[in-house]
Each structure stands twice: as C-alpha cells, then as structure tokens.
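In case you want the letters, here they are:
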Amino acid sequence: MTISMVNPSGNLREQMPFLTKMERVIVSMQDPDVGMKMRNQRLLITVIPHAMTGSDIVSWLTQKYAITEEEALHIGNFLVKYGYIYPLKEPRNLCLKQDESPYRFQTPYYWTSTRWPASEMDYAIYLAKKNIRKQGELIDYEKECYNVLHKRINHTWDFVVMQAREQLRASKQRRKADRLVLEYQEQAYWLVNRPPPGAMEVLEWGPERGSIANPRVQLVTGHCFFLNNACVCECSFVKYCEQYQDHDPIMQGCLPSNPWITDDIMYWNMNSETAVMPTKLRVERWSFSFMKLLNDPLGQKEFLIYLEKEFSAENLLFWQACEDVQHGETSRIADKVDEVYKQYLAPGASNWVNIDSKTMESTLEGIHQPNRFVLYDAQRHIYFLMKKDSYPRYLKSEQYKNLLEKAIVPQETKKSVFPFMRRQRHSSPSPALLTQAGDDDGKALSSSVRLDL
Amino acid sequence: MGKEECKTMLDALNKVTACYRHLVSALGSTSDSQNLREELKKTRKKAQELAVANRTKLTALLKDKTISNDDRAEYERLWVLFTSSMEILEVDMKRSLEIGQDFPLKVPTRHFIQTGMTGSTTTVASRAMSVQNMKYEADANIDLTDLRDLEAEIAQVDQMMEDMEMKVQVAPWAVEAKQEAGAELRSTASIGNSSVGVISLCEEETKERGSWTDGEAGLMRVFAGIIFTVVLLIAGILGYLIINL
C-alpha cells in the first residue's frame, strides 16, 4: 500500500488554524445578501457564472472587515496563494490584481488542507489525465514529474492509468460549462500543491513535529476512526500513571515523612541501596518491569539468590559482568573481556551461559578486538532469556512473596503539636534565611535611628 | 476464468471510485443538493458491495497455493490495483464526511461556495450505478442520517483494510506495472480533446509554444473556409436557377 494520508509519525494532522480562518472568510463571502457580487464569465460560446473581479474582492474585504485597502489586498493575496480563489485569466500567476481580472472560488474538496495533503498517486492521476487531454503535450516540469512518479510509484501505475481514463469518462457526463470549471479547479489545485519550479511553495513543511494536541482522540475504543498511534501513547501513559500512582511521593505522600519538609532523613535511609530490609513499595516496584528489578541493587541481590536456587545464576552474573565492561574503565576493558570469556563463554567454562550459536560465533569473533560493546548481543540475549523465563517465575515464587509480606511499611511520623516550634535542624540553615535575618537587623537599626531623631 | 472475472470486477470498482470522487468534489459547492447527497450514498453503497466482492474473490485466489508463479504475479498486480482503489475510496469517504458536516443542507441560509458549477450530477451517478435514470426517494433530513451511516461505514472500511493488510502477504513494491509511461495516450479515441473551451483555458499557459494558437487559428480557418464554400454553393445554385428560369 502506498503511504498516503498518514504521515510518518502516524498521527492525523489537524487543519492549521490559519487555513480555518481563511475558510471562514470564504464562507462569509457566499452570503446571498452581503456576500460578493458575482458576474458571468463569457468564453467563446459558453457562459459560466460565479466570477468576480479583483477590485470587487478588495472592496468587499475593505468594507466587511473595516480595514485599509492595502491590508485587504494583502489578505486577498493570501486567499489566492493558498488556493481558495483562483485567477481565470493567468492561472499560473497566483496573486490578486486589483483590477478587472476575473477570479473564482475553489470547491471545498480542493481547498488547501494540511489534514488531507495532496498525495503522489493523485498527482500522477492528474498528470495522466492531462496527458490524455493534451495528447502528450505536457509542460517540461510536468513531464519531469511524470517520469519521476512513473518510477517512484511504478507498482500502482496500472491503477493510475485506469483511474485517469475513468475520471475523464465520468467528467464527460457533465455539460460543457461544468466540465470547464472542473478543469480550471483541478489545475488551480495542483498549481498550489505542486507549484512549478521557481514559484513559491506555500505549504512548506518544516521538520516534522509530533503534535501532542489531538483533541479528537478518545480513549474509548470503538468506531472512533481517529484512534491511531497518538491514542496508543495516551493509553500507555494513562496506564503508567495509574500504576505509579501509589508510588509517587507528591501524589500519595511518602512515608515516614518527606525529608524536605520534616528534615527527617529516615525515608532516604530506608530506601538506600545498603538497606537490609526493603520497603513494601520498593518490592512492589520490582514487579512492574524487569529493568526496574535490575536497576535496584537490592533487587539484583534478591534475584541472584533466587537464581542460585534455580541453578541459573550464571545468567545474572554474566549480565552484571557485561554491564561492568560497558560502563567501566577503558584501560581495563581487554582484561575484563578476557575474564568474561574464561568464565562464561569458553567451552567447558565454570559458569557457561547458554547463548545461541549465531550470537556465540559473532561474539567470539569480536573478542579478538575487544571494545566496550563487543558483548552487547550476548548480554541482550541473556537479558531477554531472564526476562521471559526466570523473571516471571521469580515474581510468582515463595521468596518474592515472603519478602513482600516481610517488607516494612514505615509509620508516619507524628506531626509536631506546635507547628511553629523550632525543630532541631541537622542541615545548615538556608542562606536565604541568613540574609533575611541580616535585613531585619538592618531595618531595625535604621528605624531605631529614625526614631531617635 | 478467475482472472477475467477479477478484471471485470476491478474495472467496475474503478469506475465507481472515479464517479464517487467526482461527486465528492461537487460537495459544498453550488451543485450540491439533496440529490447529490443521495447520489453519494448510493454510490458509496455500491462501491462497498463491489469492494467486498473483490476482496473475497482475490483473497480466495491468493490463498490458493497451487497456482503458477505467473498467475500469482498477475493476482498480486490485481491485488495492488484493488488496494489502491480502496485507499482512494477511503480518503474520499472521510473527506465527504468532513465537507458534509461543514456544509449542512437544512439551515436557514445555505452558504454553499459559488464555484461556477450549476449543472446536476445525475449523469455521473447513473454512470456509477449503471442505470439509465436515477430515482430519488430520500427523505428530508438525509444529510444528518447519512453522515451517521457514513461514520460507521468509514470504520468498516478501515477495519477491512487492516484485515487485508494483516491477512494477505503481498509486497506491493514488488509488483511491476504492465503499462509503461505514456500508455494512456493509446486507445483513447473516445477521450479526445475537442472542446473549444479547453483551448481558451490553455491559451495563456501555452503562449510560449506556438502549437495551440496555430491549431486554433487553423481551426478558425477551416471553419471560415467551410462557410465560404457553402455561401459560394448557394450563390451558384441561385445563379443557375435565375439563369434557367
């Protein structure tokens, strides 16, 4: 399938606000009472209604929005450049002339839209149609585009040709005046969206920015057709928030007490890496993801004990050794890699780890030129092995469950009865307080001096 | 044979897609009306029926493991045709929902864009439905009810396309098109370029090339020549009659 309407980040674009504003101006021009005055366009034989002159447009804008003529000309220029109004006399010159040159409104389907950008396939169909109509006499840049598209979307080229023929046959069903208008419209649309070389490209996109504000996203799945990657991110974000709700010290408060408020550092002591007995919340967090378990040194210790019982402790030891190589000193890398090889990878090693043969081969080759990341593949393999295999079993094991029960739930320290009582401070007083005290002294001095006078 | 059937069904789907696109481009303009909304609805339904029929047929053919490699390549090409058609249909359906919501019919003052199109789209719709005359039987608030249906149908189409992507393993980029560049120029005798109005449209853009202005001048010359000969003939006949009477 061709990548058409959905941009690479997967989100549906929103219509840019300036385009919505222009659309509103155009719609207000259609008012039967106070809207634009329409004239007829006379071609050789046919008469097509709904044309207007440039000066009409400028005078209408001046009157409606009570602005100067210059500003009206400027706004009118935008309307033409962005394809909401197209000129009839010189189609390639997309600017508003304040004279008798005729213009016409563009149909809503062909309005410039960031939500529905013009696709390659549509342009190819248009060029094919033009090719048919003009018997092969395309303009140079159009010929180039045609050839480029033929190569680029070659797999749908049959469809392009079929569709071009059918669209021409469909438009032949309309009467002549309408057919002409259709051609004008389409030509104007493609002049805006695929401008000829040298013309300004109005819809130039900067580097793609992910749009977080997608107000139509609904979390309830159903027939909401805006459900896309943005919603998946939102769902996982909501899940993350729910999961960590109880663990967040700001939302739930932290027990025993927030050290920043009460100056009591028991919270830090209890959660430190060297604590013997972990808190209950900490142990719960190990069940959120394997990475969380491994990031906590206490968690690693517990997991190692469990793995020793299962006779697969070498996996974790290997993983730890690899981490050491990755994050350790450069000078010692060669030695460490050698050690790892002797202990874990050599055939008949004491702590031989079970890696698949392809990874083993590539690792053994790489060991001859040891660098920081030579063991990365093997480490990842073992990581996923542990994650899929041992980690779920650990979470279901007796050891983990016992630990969860025995874990401490610290008591909340009693709040002092006298809130303004001076507490024993362990840390040095804040410099802000020192300067304030100094100011107070200064003010007292100066006021006492004045009183004396 | 399976291939021929597939091709005719795909042609039909292609035709309906083109007509649907034509109808959607008329939404919100002065050729919009209750009839247009009904035409859109009917064309859409027809397109969906064809799409489902095509899909079942093609998936059945592609799942068959006993076909030859050439056949398989051909079916994959047809599959790519089908998916491209569906993409266009999907986008057009979504756009018609958007434009339909922005330009409702049942408001005291309609602000439809005056685009210069004033004819009706009946002929296009009858081409899509392959009928001689279109019958209009919808009730007054078709635009609201239709939009609700449209939303549901868009969801259905989305679902169908997802299923298709998942279930059928066809690599679209591996398909080679049968037509080469410029193929549309052949066998297009019926889609000639004979309207005088088009000449006036392209006048400005092709001023730098002499071909069109020459062509136009040539046409006028031929026209003038024909009129001259007719006048001469009439003068000759009258003179002959006068002399003989």
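Definitions and limits used
- Every chain is numbered on its own, with residues counted from 1 as its sequence reads.
- Chain labels run from A onward and ligand labels from 1 onward, assigned in the order the entries are written.
- This being a predicted model, a pLDDT of at least 70 is required before a residue's local features are given, and a value of 80 or more before pairs of side-chain atoms are given or counted; all residues contribute to the totals for chains, interfaces and linings.
- Hydrogens and water molecules were not included; the side-chain quantities draw on all heavy atoms of the structure.
- Helix and strand labels come from DSSP, where a helix needs a run of H or I of at least four residues and a strand needs a run of E of at least two; each type is numbered from the N terminus.
- Throughout, exposure labels follow a simple rule: accessible area from a 1.4 Å probe, protein chains only, divided by the maximum for the residue type, with under 20% read as buried, over 50% as exposed, and the rest as partly exposed.
- By the convention used here, residues are in contact when the closest approach between their heavy atoms is within 4.5 Å.
- Only the protein chains shown count as cover for residues, and the accessible areas themselves come from Shrake-Rupley with a 1.4 Å probe.
- UniProt positions are given in the numbering used here, feature names are shortened, and annotations may be inferred rather than shown by experiment.
- Each polar contact in these results corresponds to two N or O atoms within 3.5 Å; when the atoms are within protein, one needs to be able to donate a hydrogen and the other to accept it, and residues that are neighboring in sequence are counted only if both atoms are side-chain atoms.
- Each helix should span, by expectation, one fewer than its residue count multiplied by 1.5 Å.
- Patch members must show over 30% relative accessible area and no salt bridge, and they are joined within 9 Å when carrying like charges or within 5 Å when they are nonpolar side chains of Val, Leu, Ile, Met, Phe, Trp or Tyr.
- Whenever a carboxyl oxygen of Asp or Glu lies within 4 Å of a side-chain nitrogen of Lys or Arg, that contact is scored as a salt bridge.
- A pair of strands is considered paired only if DSSP assigns at least 2 bridges between the two.
- Geometry is summarised by axes, namely lines fitted to C-alpha atoms with helices restricted to the contacting stretch, and by angles between N-to-C directions that run from 0 to 180 degrees.
- For this quantity, the arc is that covered by the directions from the helix axis to the C-beta atoms.
- Angles below 35 degrees are treated as roughly parallel, those above 145 as roughly antiparallel, those between 65 and 115 as roughly perpendicular, and all remaining angles as oblique.
- If you view the pair so one helix is near and one far, a crossing is left-handed when the near helix is turned anticlockwise from the far one by less than a right angle, and right-handed when it is turned clockwise.
- Classification convention: Asp, Glu, Lys, Arg as charged; Ala, Val, Leu, Ile, Met, Phe, Trp, Tyr, Cys, Pro as nonpolar; all other residues, Gly among them, as polar.
- Pairs were defined over the aromatic rings of Phe, Tyr and Trp, the Trp ring being its six-membered one, requiring ring centres within 6.5 Å. Orientation was assigned from the angle between planes: stacked under 30 degrees, edge-to-face over 60, tilted for the rest.
- By definition, being over a ring means that NZ of Lys or CZ of Arg is both within 6 Å of the ring centre and within 35 degrees of the ring normal.
- Side-chain atoms within 4.5 Å are what join buried Ala, Val, Leu, Ile, Met, Phe, Trp, Tyr and Cys residues into a set we call a nonpolar core.

A closer look at the overall build of chain B
So, point 1. For chain B, the count of helices and strands is seven helices and zero strands.
So, point 2. Starting at the N terminus and walking to the C terminus, you meet the elements of chain B as α-α-α-α-α-α-α.
So, point 3. Buried residues in chain B amount to 47% of all 245 residues.
So, point 4. Relative to all contacts within chain B whose residues are 6 or more apart in sequence, the contacts with residues 24 or more apart total 81%.
So, point 5. Split by element, the accessible area of chain B, about 12500 Å² in all, is 59% carbon and sulfur.

What to know about the overall build of chain A
So, point 1. Counting its regular elements, chain A contains 20 helices and four strands.
So, point 2. For chain A, the residues scored as buried account for 44% of the 453 residues in total.
So, point 3. Taking all contacts inside chain A whose residues are at least 6 apart in sequence as the whole, residues at least 24 apart take part in 62%.
So, point 4. Counting every atom, chain A has about 26100 Å² of accessible surface; 56% of that belongs to carbon and sulfur.

Details of the UniProt feature "transmembrane region" (unreviewed entry) in chain B
So, point 1. Feature annotation in UniProt places "transmembrane region" (unreviewed entry) on residues 222–243 of chain B, given in this structure's numbering.
So, point 2. For residues 222–243 of chain B, the end-to-end C-alpha separation is 31 Å, with 100% helix and 0% strand making up the annotated structure.

So, the side chain of H247 of chain A
Residue and element names in this part refer to chain A.
So, point 1. Relative to the elements of secondary structure, H247 occurs in the loop between α8 (229–244) and α9 (249–252).
So, point 2. A distance of 3.2 Å separates the side chain of H247 from the side chain of R285, its partner in a polar contact.
So, point 3. H247 has contacts with L281, E284, R285 and F288, leaving out every residue within four places of it along the chain.

What to know about helix α5 (residues 140–152) of chain A
Residue pairs three or four apart in sequence face the same way in an α-helix, which turns once every 3.6 residues.
Residues and elements named next belong to chain A.
So, point 1. The first and last C-alpha atoms of α5 sit 18 Å apart over 13 residues, in line with the 18 Å expected at 1.5 Å per residue.
So, point 2. For α5, the complete set of buried residues consists of Y141, E142, Y146, L149 and H150.
So, point 3. The inward-facing, buried residues of α5 abut α4 (120–133), α6 (157–171) and α7 (176–193).

A word on a nonpolar patch on the surface
So, point 1. Where nonpolar side chains cluster on the molecular surface, the patch consists of V222, I226, V230, L233, I234, I237, L238, Y240, L241 and L245 of chain B and spans about 1100 Å² of accessible area.
So, point 2. Position of L245 of chain B among the secondary structure elements: in the segment after α7 (210–244).

Details of the interface of chain B and chain A
So, point 1. Tallying the contact residues gives 85 residues for chain B and 76 residues for chain A.
So, point 2. For the pair chain B and chain A, the number of links is four salt bridges.
So, point 3. Two residues, R77 of chain B and D158 of chain A, come together in a salt bridge whose shortest N-O distance is 2.3 Å.
So, point 4. Mapped by element, the contributors of at least two residues to the side of chain B that touches chain A are α1 (2–25), α3 (69–102), α4 (122–129), α5 (142–167) and α6 (196–202) of chain B.

Quick look at unusual backbone geometry
Residues and elements named next belong to chain A.
So, point 1. Despite not being glycine, Q135 shows a phi value in the positive range, around 55°.
So, point 2. Relative to the helices and strands, Q135 resides in the loop between α4 and α5.
So, point 3. Even without glycine at this site, F311 takes up a positive phi of about 60°.
So, point 4. For F311, the position within the fold is in the loop between α14 (297–310) and α15 (313–327).

Examining the sheet that holds strand β1 (residues 39–42) of chain A
All names here are of chain A.
So, point 1. In space, the four strands of this open sheet follow the order β1-β2-β4-β3, with antiparallel pairing throughout. With partners counted over all chains shown, the strands left at the sheet margins are β1 and β3 (85–87), one partner each. Averaged over all pairs of adjacent strands, the angle between strand axes in this sheet comes to 55°, irrespective of strand direction.
So, point 2. Two strands pair when backbone bridges link them, and β3 and strand β4 (residues 102–105) are joined in this way by three bridges, in the antiparallel orientation. Bridge pairing links Y86 to R104 in β4.
So, point 3. Across the sheet, helix α2 (residues 54–65) touches β1, β2 (47–53), β3 and β4, and the angle it forms with β2 is around 50°.

Points about helix α3 (residues 69–81) of chain A
Residues and elements named next belong to chain A.
So, point 1. For α3, which comprises 13 residues, the first-to-last C-alpha distance of 18 Å matches the rise-based estimate of 18 Å (1.5 Å per residue) to within 8%.
So, point 2. Those residues of α3 that fall on the buried side of the exposure criterion are A72, G76, L79 and V80. One side of α3 carries all its buried residues, which in axial view fall inside an arc of 95°.
So, point 3. Buried positions along α3 lie against α1 (17–29), α2, β3 and β4.
So, point 4. Once α3 finishes, G83 follows within two positions and takes phi at roughly 85°, a positive value.

Quick look at the packing of α6 of chain A against α1 of chain B
So, point 1. Look at α6 of chain A against α1 of chain B: their axes get within 8 Å of each other, and the N-to-C directions meet at 55°. Viewed along their axes, α6 of chain A and α1 of chain B adopt a mutual orientation that is oblique. Crossing of α6 of chain A over α1 of chain B shows right-handed handedness. In this structure, α6 of chain A uses F159, M162, Q163, E166, Q167, A170 and S171 of chain A to contact α1 of chain B, whose residues at the interface are L10, D11, N14, K15, T17, A18, C19, R21 and H22 of chain B.
So, point 2. Split by residue class, the contact of α6 of chain A with α1 of chain B holds six nonpolar, six polar and four charged.

Considering the packing of aromatic side chains
So, point 1. Evaluation of the coordinates by the stated rule reveals 25 aromatic pairs over all chains.
So, point 2. Look at Y109 of chain A and Y110 of chain A: their rings are 5.3 Å apart centre to centre, the planes differ by 65°, and that puts the pair in the edge-to-face class.
So, point 3. Judged by centre distance (6.1 Å) and plane angle (55°), the ring pair of F103 of chain B and F112 of chain B falls under tilted. The pair F103 of chain B / F112 of chain B is uniform in exposure class, with both members buried.
So, point 4. An aromatic cluster of at least three residues, connected via ring pairs, comprises F290, F303, Y306, Y383, F384, Y391, Y394 and Y400 of chain A.
So, point 5. A cation over an aromatic ring shows up here: K64 of chain A above the ring of Y65 of chain A, its NZ or CZ 5.9 Å from the ring centre.
So, point 6. For the cation-ring pair, R95 of chain B lies above Y109 of chain A, with the distance from its terminal atom to the ring centre recorded as 4.6 Å.

A few points about the nonpolar core
So, point 1. Membership of the largest hydrophobic core comes to 101 residues, with the highest contact counts inside it found for M29, I57, I85 and W157 of chain A together with F82 of chain B.
So, point 2. Top element by residues in this core is α3 of chain B. It accounts for eleven residues.
So, point 3. When neighbours within four sequence positions are excluded, W157 of chain A is seen to be in contact with A124, Y146, L149 and H150 of chain A together with A177, Q179, E180 and A181 of chain B.
So, point 4. Grouped together as the second largest cluster of nonpolar side chains are 37 residues, F290, I333, V337 and Y383 of chain A included.

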